[in-house]
Every structure is written in structure tokens, then in C-alpha cells.
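What follows is the residue order along each chain.
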Amino acid sequence: MTSNGGSGTGTGCVMHVRCPERLPEAVYRQVLELLGDLSPVVQASPPSAALVDLGGALRCHGVDGARIEEVRRLGEVLRIRSISRLGVDLRIGIGPTIAVAATASGQASGEGGVGGVVAVEPDGVAAWLAPLPVEALHGIGRRQTAALRDYGVDRVGLLAELPPATVQRLLGGTAGRAASERARGVDPRPVVPRELPASAAVSHSFPRQTLDGAEVRAALLDLVVRLGLLLRGRGQAARGLRLTLRFAAGGVWEKTRRLPEPSGHDDDLRTLAYQLMDAAGLQRGRLTGIGLRAEDLVDAERVARQISLDEAREARLAAEEAADGIRNRFGPTVIGPAAVYRRAS
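Just so it is clear, the structure is predicted and the values come from calculations on it, not from any experiment.

1. What to know about the environment of alanine 146
Next up, step 1: Tracing the sequence through the fold places alanine 146 in helix H6 (residues 142-150).
Next up, step 2: Sequence separation of alanine 146 and glutamate 135 is 11 residues, and the distance between their C-alpha atoms is 9.0 Å.

Printed below as a string of C-alpha cells:
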């Protein structure tokens, strides 16, 4: 088992670690430090998971990557260290790609029992995945499971046999494509070293004191777009938003609300941001600045992609993905909502 960062159908060596739920952040950070002793390539997936690209680190630990039992023992050593030093029992999955490793960790037993580490041979991925219930596949949510089971697709092997176009019709374009690939052990994503940012924030200062409702709303919409782009670029989703308003007299108004589900999409962030602005009840207050902060961030890959029958929303999400590609190529301000550019003429 050699490593190429967990790309393609799987010649990499990726470890996915699950901590107990509701683990205090301070202890979670200590787990990340333990992972750093294994490899310098650690990707935090808050609030309670992480990825490790074992890659070249295997040789440093005297482990033959071609021997799956030796790789599995490395996971067992990590688990023992975590229990003895932190009192935290981990569930660990090891596989050639992120999706396989994350699926494997979901099959590992916790509570100190045997089987806390599951390692999957690169050549045996299809055979290992096939008998698993479809909901066990990494990235498959409850609604997706229900949609697949309605068509008799109750095992990962059956999902892998379906034509990708059929899966996309059942689950939607992006989600269906990802599910089809992962059912066949394909996952091109690399493990990207990532720290644990607790929040993400953007702000805007008005050139003059303003009461202009349209100008304020346009500034807020611009913040939503910037914040969403930042979150999606990090691969994160927010559980809550905080709106901050700064007034000419020196006062500050702040309010935080939770999102119904973690999200980094403009649609969801905009709805909650507007609700927060409405809650401020502005009348004659002169604003000098406005800020928007995404809080309680989680890894976007841990958020189940829900099936939506709202064709308009699906179209907006597809447009958002296309706009992100344009921004990544030509710059963040090259495209955006018309309201933000209303004074362009």
C-alpha cells in the first residue's frame, strides 16, 4: 500500500479518525497533536474527526505499506496512546482513499472493544464495500438512503453497479456523481493539511454614515457571498451566524442565530443574515460598518447532502458551483449578485 495522497481509485494510504461525540475542543486539539506525531499531513474535520495522509510517514515508522496488517497495527498503537494519555477511545479506518477510510472508521467498534481499527486492502476495496448497507457509505445521508432503498438499492455493491447517470437522477447531479464514484472506491480528493479555525469573518465599512436601506442590504449580500466563498474554499460549513452592526454614535449591536443545518451555501447564509438584519429593527440608526461571522464550523464533508425537490434551489446551487469556478479562475469579484453591483453604471 503506497501513497499518492488518496487520489483516484486508491493507491494511497489514508487514515480517518473518529472521536467520541461532544468531545471538548481542548481534548480534540490534543488528539490532533497525537495525529501529528504520525504524519505532518493532518486535516482537521471538526468537531470530532480528522484525516491523516500516512504517505511517506510509513517508512519513518518502520511500516511496510504493502502489508495491511502492519499498517493496521500503526492504527492500534495510535488508539492505545489516545486511551492511555487522553482517556479518549478512537475509531480508526485506513484505506486507499478518503471515502474508503471514512467508511471503514464507521464500521470500527468503539468503547475499547476489539475491532477499533479497520484497514482495507487497496485490491480488496470493491469486495469489502459491496455487502455494506448503502447508508454506511461515507457521504450518504438519510434522505439519500431512503431514495435509494425505494428503488431496491440497499447495498453499496448494488449502488456501484448502477449507471452513474441513473444515480444522478435519483440523488441529484453533484451528490449522485459523488455517491456513484465512492461506491466504486473512487475518490480524487487529497488530504489537505488544515488547522482548526473556530470561525470565519468578513466585514464592510461604509464610506459615510448611512441610513440607506438598499445600500445596507447590498453590503450585507456582498458579505454573504464573500463568507460563503471563504467557507467553501476551506471545505467548511457553519452552524451559526453572528451579525455585527456598528453605529456612528459608537454603539455596537450583535446577534447570533443557528442555521437549521450546517451550511456554506449562499442561499442558506443569505436567508439567516436577512433574518438577523430584520431582528435589528433599524429605524434611524446611522451605520458606519457591518460584519458577518460564521461560527461553530464543521467539515463540509461531514454534512449530509439532502435531496431537494426544489428545482429552483438545485439550479441556484448549480449556479453557485459554476460561479465559484469562475471566481477561482478570474478573481473573487468578477461575478456576483446584481444587487451588489447596482451602482456599477
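Further notes follow.
2. Here we look at the pattern of salt bridges
Next up, step 1: Inspection of every chain in the model, using the stated rule, returns 19 salt bridges.
Next up, step 2: Across the pair arginine 72 and glutamate 69 runs a salt bridge whose closest N-O atoms are separated by 2.7 Å. Pair noted here: arginine 72 and glutamate 69 are both in helix H3 (residues 68-86), with a separation of three residues, about one helical turn.
Next up, step 3: Assessed through its relative accessible area of 23%, arginine 72 is described here as partly exposed.

3. Some remarks on unusual backbone geometry
Next up, step 1: Positive phi outside glycine occurs at arginine 22, with the angle close to 60°.
Next up, step 2: With respect to the secondary-structure elements, arginine 22 resides in the loop between strand S1 (14-18) and helix H1 (25-38).

4. Observations concerning the packing of helix H8 (residues 164-171) against helix H9 (residues 173-183)
Next up, step 1: Interaxial distance between H8 and H9 falls to 7 Å at its minimum, and their mutual angle equals 135°. As summarised for this structure, H8 and H9 are arranged oblique, according to the angle between their axes. For the crossing formed where H8 meets H9, the hand is right-handed. Here H8 contributes Pro164, Val167, Gln168 and Leu171 to the contact with H9, which in turn contributes Gly173, Ala175, Gly176, Arg177, Ala179 and Ser180.

5. Here's the deal with the nonpolar core
Next up, step 1: Grouped together as the largest cluster of nonpolar side chains are 27 residues, with contacts concentrated most on Met15, Leu35, Leu54, Leu78, Leu90 and Ile92.
Next up, step 2: Among the elements of the structure, S1, H1, strand S2 (42-45), strand S3 (49-53), H3 and strand S4 (91-95) are those that each provide at least two residues to this core.
Next up, step 3: Per-element tally for this core: the top contributor is H1, with seven residues.
Next up, step 4: Non-local contacts of leucine 35, meaning those with residues more than four positions away in its chain, are made with Val17, Val42, Ala50, Val52 and Leu78.

6. Here we look at the confidence of the model for the chain
Next up, step 1: Taken as a whole, the chain shows an average pLDDT of 86; of its residues, 89% reach a score of 70 or greater.
Next up, step 2: Here helix H12 (residues 311-330) stands out as the element of the chain with the lowest mean pLDDT, 80, in contrast to helix H7 (residues 156-161), whose mean of 97 is the highest.
Next up, step 3: Note that pLDDT drops below 50 for residues 2-7; the model gives that stretch 25 contacts with residues more than four away or on any other chain.

7. Regarding the environment of alanine 44
Next up, step 1: Relative to the assigned elements, alanine 44 resides in strand S2.
Next up, step 2: Counting along the chain gives 149 residues from alanine 44 to proline 193, while the straight-line C-alpha distance between them is 7.7 Å.

8. As for the sheet that holds strand S9 (residues 287-299)
Each strand in a sheet pairs with its neighbour through backbone hydrogen bonds, running either in the same direction (parallel) or in the opposite one (antiparallel).
Next up, step 1: As summarised here, the arrangement of the four strands in space is S6-S9-S7-S8, forming an open sheet in which the pairing is antiparallel. Single-partner strands in this sheet number two, and they are strand S6 (199-210) and strand S8 (252-263). Sheet twist, expressed as the average angle between the axes of neighbouring strands with direction ignored, equals 15°.
Next up, step 2: Together, S6, strand S7 (236-247), S8 and S9 form the strand contacts of helix H10 (residues 213-234), whose direction differs from that of S6 by roughly 160°.

Calculation criteria
Residues numbered from 1 in each chain as written. Predicted model: local features only at pLDDT ≥ 70, side-chain atom pairs only at ≥ 80, totals over all residues. Heavy atoms only, no water. Helix = DSSP H or I, 4+ residues; strand = E, 2+ residues; numbered from the N terminus. Salt bridge = Lys/Arg side-chain N within 4 Å of Asp/Glu carboxyl O. Buried < 20%, exposed > 50% of the residue type's maximum accessible area, 1.4 Å probe, protein only. Axes fitted to C-alpha atoms, helices over the stretch in contact; angles between N-to-C directions. Parallel < 35°, antiparallel > 145°, perpendicular 65-115°, else oblique. Left-handed = near helix turned anticlockwise from the far one by under 90°. Contact = heavy atoms within 4.5 Å. Core = buried A, V, L, I, M, F, W, Y, C linked by side-chain atoms within 4.5 Å. pLDDT = per-residue confidence, 0-100. Pairing = 2+ DSSP bridges.

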